Amino acid sequence: MEKYFGIHNHTHYSNIRLLDSINKPKDLIDTAIKLGLSGIAITDHECLSAHMEVNQYAKKIKEKYPDFKIALGNEIYLVDERKPGQKYFHFILIAKDALGHKALRELSSIAWYNIYTDRNMERVPTTKQELVDIMKKYKGHVIATSACLGGELSSLAYNMSIAEEKEDIENAQIFYNKIIDFVKYCLDIFGSD
């Protein structure tokens, strides 16, 4: 049986802007090992702060657990533009190597440089165009995934299913077309990654 690799995991470093997780990186990794996972990705919310600590711990456990892999990622907020009142879609990026991590750092720096307040919360989104521009320089070095129910793909699929349930064929088709457009956007940027 193939082992599970956890690609969406948060540590207490996700708490920079909001209370999200109480997991300490070392404890999260130890738990993943105890559960028999083949590896784990650390994907805090718009934050790379755990990465140094995780890298140090990875070196420490490498001899005892040589097959256990630790990936470094970021759960960004992906938007069309920076504006108040919108939905901030979740989107996960995972570095495949040092160049991929450099891409994550560039994207995070741009997002934090452009921080603003919306609905009494600091927002640090990445625009879709910024993602395109940065990933052109790092094609093949980052893996992307639609994240969770907070992601654009999940939101569109949910809205499409509600429209279908109501037999609202027109809106179901609109959501379907948006799903196709989003998937094409992702494939254009990341290919099979």
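Every value quoted in this text rests on a predicted model; they were computed, and no experiment measured them.

Engineer: Even after reading the chapter, I still don't get the packing of helix α3 (residues 98–113) against helix α4 (residues 128–137), so can you show me in this structure?
Structural biologist: As a packed pair, α3 and α4 sit with axes 10 Å apart at the nearest point and diverge in direction by 155°. It follows that α3 is roughly antiparallel to α4 by the angle criterion. Crossing of α3 against α4: the hand is right-handed. On α4, the residues touching Ala103, Glu106, Leu107 and Ile110 of α3 are Glu130, Leu131, Ile134, Met135 and Lys137. Taken together, the residues of the contact of α3 with α4 break down into six nonpolar, no polar and three charged.

Engineer: Hey, could you run me through the packing of aromatic side chains in this one?
Structural biologist: For any pair of aromatic rings, the description rests on two quantities: the centre-to-centre distance and the angle between the ring planes. One pass over the full model with this rule turns up three aromatic pairs. Both rings, one in phenylalanine 91 and one in phenylalanine 182, keep their centres 6.1 Å apart while their planes meet at 85°; by these two values the pair is edge-to-face. Placement of phenylalanine 91 in strand β4 (residues 89–95) and of phenylalanine 182 in helix α6 (residues 169–190) is noted, with a sequence separation of 91 residues between them. With a relative accessible area of 2%, phenylalanine 91 lands in the buried category. An aromatic cluster is built from Phe91, Phe182, Tyr185 and Phe190, whose rings are joined through pairwise contacts. Note that lysine 128 overlies the ring of tyrosine 185, its terminal NZ or CZ placed 5.7 Å from the centroid.

Parameters and conventions
Residues numbered from 1 in each chain as written. Predicted model: local features only at pLDDT ≥ 70, side-chain atom pairs only at ≥ 80, totals over all residues. Heavy atoms only, no water. Axes fitted to C-alpha atoms, helices over the stretch in contact; angles between N-to-C directions. Helix = DSSP H or I, 4+ residues; strand = E, 2+ residues; numbered from the N terminus. Parallel < 35°, antiparallel > 145°, perpendicular 65-115°, else oblique. Left-handed = near helix turned anticlockwise from the far one by under 90°. Contact = heavy atoms within 4.5 Å. Nonpolar A, V, L, I, M, F, W, Y, C, P; charged D, E, K, R; others polar. Phe/Tyr/Trp six-rings, centres within 6.5 Å; stacked < 30°, edge-to-face > 60°. Buried < 20%, exposed > 50% of the residue type's maximum accessible area, 1.4 Å probe, protein only. Lys NZ or Arg CZ within 6 Å of the ring centre and 35° of its normal.

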